[in-house]
Each structure stands twice: as C-alpha cells, then as structure tokens.
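Architecture at a glance
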Amino acid sequence: MSQNAADSLSSLLTARYGSLNESQIEPNDILNGLLSHRSVRAFADKPLADGTLELLVAAAQSASTSSNLQTWSVIAVEDKQRKQRLSVLANNQDFVSACPLFLVWIADLSRLKSLGLKRDKPHESLEYLEMLLMATIDATLASQNAAVAAESLGLGVVYVGAIRNNTELVAKELGLPPKSFAAFGMCVGHPDPDRPAAIKPRLPQSVVLHRETYDDGAIHETIDGYNATMDDFYREQNMKPLGPWDLHSLNRVRGVDALQGRERLVEILKSFGFGLR
Ligand SMILES: Cc1cc2nc3c(=O)[nH]c(=O)nc-3n(C[C@H](O)[C@H](O)[C@H](O)COP(=O)(O)O)c2cc1C
C-alpha cells in the first residue's frame, strides 16, 4: 500500500473518531467515500446533471431487498412550491426547499396489496408489524445506496426524518396510497463550497462493537470521552456546542413533547391501512 493511500485512510479514520486512528487494510475509493460522509445542509444553486436521478434510483434498486419483495418506493420532488411546502412540514428546515432534489423514501406495501387483489390471492401477512418493518428496512437500505452513489458523484445529502412530524400532511402532499408511508426524506444537491460540512466524530468502537456477546462494561467512561470529543468538534467548527452528547441525546428522548407529533404514529399508520398486528 502506498504511504499516501495509507495516510488518507488514517486521516479519515482519525476524523471519524476524533482521535488518532489507523488501519492496515488497503484503502479503495468506496472505503474513502464511505468514511468521508458528512451531512450537507447548504447547497449551491446548481441543477443536477441529467440522468442523476435515474442513476441514484438504479443504485437504490441494487441494494439487497427482503425476499426480493422490493417493498419500497421513492418520490422525487423537484417542484419549487412542493419542496417549499414539504420544508414547512419538515420543521421549517430550509435546506429542503434549497436543494435541487428532495427524495422521499416510502415504505410501500400498497403494490403487494394491489397485486393480491388483481390475482385474487390472500395477502393477510401485510397486516402484520413485521411487514411494515420489512418495508422500512428495505426503503432504508435503498436510500443509503442512493446516498453513497450521490456522494460518489461529488454531491451532498442529508436525511430528513422531520417529515414524520407531519406524516398525514406529507402523505396528502405526495398522494400516497393506503398501506404506504413516507419514512424519511433526503436532500440531494451540490454542496455550497462556501459553507462546507465536516466529518462528524462517532462513538468509539468499544461501545458499538461487541465481540461474541453483548458487553456494555466500558460505556460510562467511554461516553465521557466522546462528550469531550464532540465538544472539541463543535468548537473547531465554530459551532455553538450542544452541551455533552449524552445529555443532548437524552433530551431528544425525554418524553412525548420531544416527539413533535410522531407520538401519534401508531394511530396514523393504522389509519393508513397498516394492520400492525
Ligand atoms: C433517518 C435520519 C433522519 C434524519 N433527519 C434529519 C433532519 O430532519 N434534519 C437534519 O438536519 N438532519 C437529519 N439527519 C442527519 C443526522 O442528524 C446526521 O446524520 C447525524 O447528525 C450525523 O452527522 P453526519 O451525517 O454529518 O455524519 C437525519 C439522519 C437520519 C439517518
């Protein structure tokens, strides 16, 4: 392995963990791309090259899919007014209207339902929570393939879970059929070179990687270290520190008021025709 290639992988790993990190593995373009990910929330006013959307969808469709059922769809929103309305529904996050392409990833059991009706075949399994989980997992895998493909083209992405704050209005805006729901959105566009995003450090592997059996022995001291790493990261980025990562994360799960409308999801999904048995 050339010294340059090894150095580039080490510097990406160091950025990902906020402390010196090295790997003996030969780097490649895919690893470099994956390890370089950062969410982009500032987009240049520049259209995507023709054919980009179709290539992203081909990458998405290339992901594994449970039993090849392909229980997902994606809605490509490029219309300015529709993006603007979705931006308001997604907690007023203005990058949703600023990006040239907003992809909405749909957990979609409606296709199997209509095939069942056409073929006059039973399809009762669609009424179970398992099938909604399957569709959501498949949509997620597909979307992440599209994200990686977009980043490989020099584009930036950010996922937008905030559309679930207004699940019903989003479904109405997109004309979703029963037995489908918009799991999350994704902004795609050229990153604004004047407002670059940085690689955000992750938890040390010692708390997420368990060998053979689950072991959370070192969690507390490790999290203290990560709180400090994140504090340094926000300072280096000239961003207002959010406070210790653990407290910030706990605030996000403090209770029903933190769910911003998503506490009604079971009821909403049932009204969309998901059985959730
Ligand atoms: C499913 C999902 C939903 C997300 N929703 C939002 C969102 O609504 N707004 C936002 O600014 N970032 C959102 N994000 C981005 C995360 O905040 C981001 O991935 C995380 O802070 C790590 O930063 P990084 O992607 O730059 O490494 C979402 C990410 C995921 C995976």
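Source: prediction; values computed, not measured. (Residues numbered from 1 in each chain as written. Predicted model: local features only at pLDDT ≥ 70, side-chain atom pairs only at ≥ 80, totals over all residues.)

Looking at the overall build of the protein chain
Put simply, the rule reads: Numbered from the N terminus, helices here are DSSP runs of H or I no shorter than four residues, and strands are runs of E no shorter than two. Note that the radius of gyration is over C-alpha atoms, with the globule rule given as 2.2 Å times the number of residues to the power 0.38. In this scheme the burial state of a residue depends on its C-beta neighbours within 10 Å: 20 or more other such atoms mean buried, 12 or fewer mean exposed, and anything in between means partly exposed; the C-beta positions come from the backbone.
Looking only at helices and strands, one finds twelve helices and four strands in the protein chain. A compact globule built from 277 residues would reach a C-alpha radius of gyration of about 19 Å, and the protein chain, at 21 Å, matches this within 12%. Projected onto its principal axes, the C-alpha coordinates of the protein chain cover approximately 60 × 45 × 40 Å. Within the protein chain, the fraction of its 277 residues that count as buried is 27%.

Re the pairing of strand β3 (residues 156-160)
Rule in force here: Should DSSP find at least two bridges between two strands, the strands are taken to pair.
Counted residue by residue, β3 has four buried out of five residues, so it is predominantly covered. In this sheet, strand β4 (residues 180-189) lies alongside β3 in antiparallel orientation, the contact comprising five bridges. When the bridges of β4 are listed, Tyr159 appears paired with Met186.

Brief notes about the nonpolar core
The line we're drawing: Each nonpolar core consists of buried Ala, Val, Leu, Ile, Met, Phe, Trp, Tyr and Cys residues. Their C-beta atoms, within 7 Å, join them into a set. Placing a C-beta atom from the backbone of each residue, one calls two residues in contact when those atoms lie within 7 Å.
Residues Trp105, Ile106, Ile163 and Cys187 are the most contacted members of the largest nonpolar core, which totals 49 residues. Among the elements that take part in this core, helix α7 (residues 129-152) stands out by supplying ten residues, more than any other. When sequence neighbours within four positions are dropped, the list of residues in contact with Ile106 reads Trp72, Ser73, Val74, Ile75, Ala139, Leu176, Ser180, Phe181, Ala182 and Ala183.

Some remarks on the pairing of β4
Burial analysis of β4 places ten of its ten residues in the buried class, the great majority of the element. Across eight bridges, strand β2 (residues 101-108) lies against β4 in antiparallel orientation. Paired with Leu101 across the two strands is Val188, which belongs to β4.

A word on the domain arrangement of the protein chain
Note the threshold: Boundary definitions for the domains trace back to an automatic or database domain assignment.
What the domain assignment reports for the protein chain is domain 1 (1-36), domain 2 (38-198) and domain 3 (201-277). Its C-alpha centre places domain 1 at a distance of 30 Å from the equivalent point of domain 2.

A closer look at the site of the ligand
What counts, and what does not: As used in this record, a residue near a molecule or strand is one whose C-beta atom, placed from the backbone, is within 6 Å of it. Note on residue categories: nonpolar means Ala, Val, Leu, Ile, Met, Phe, Trp, Tyr, Cys or Pro, charged means Asp, Glu, Lys or Arg, and polar means any other residue, Gly included.
His37, Arg38, Ser39, Arg41, Gln93, Val158, Tyr159, Val160, Gly161, Ala162, Phe184 and Lys200 make up every residue found near the ligand. Per-element tally for the shell around the ligand: the top contributor is β3, with three residues. Each residue belonging to the shell around the ligand can be placed in one class, and the counts come to five nonpolar, four polar and three charged.

As for unusual backbone geometry
Trans is the common state for peptide bonds, and a negative phi is the common state for residues other than glycine. Residue Asn238 is not a glycine yet carries a positive backbone phi of 55 degrees. Residue position: Asn238 is located in the loop between α10 (219-236) and α11 (245-252). The phi angle at Leu276 is positive, at roughly 55 degrees, despite the residue not being glycine. As for its placement among the helices and strands, Leu276 is situated in the segment after α12 (265-271). Accessibility expressed as a C-beta count within 10 Å gives 13 for Leu276, which makes it partly exposed.

Some thoughts on the sheet that holds strand β1 (residues 72-77)
Spelled out, the test is: To get an axis, a line is fitted to the C-alpha atoms, and for a helix only the part in contact is used. The angle between two axes follows their N-to-C directions and goes from 0 to 180 degrees.
Spatially, four strands are ordered β1-β2-β4-β3 in an open sheet, and the strand pairing comes out antiparallel. Sheet topology places β1 and β3 at the edges, where each strand pairs with a single neighbour. In this sheet, adjacent strand axes meet at a mean angle of 25 degrees when their direction is disregarded. Against the sheet, helix α4 (residues 80-89) engages β1, β2 and β4, with an angle of about 115 degrees to β1.

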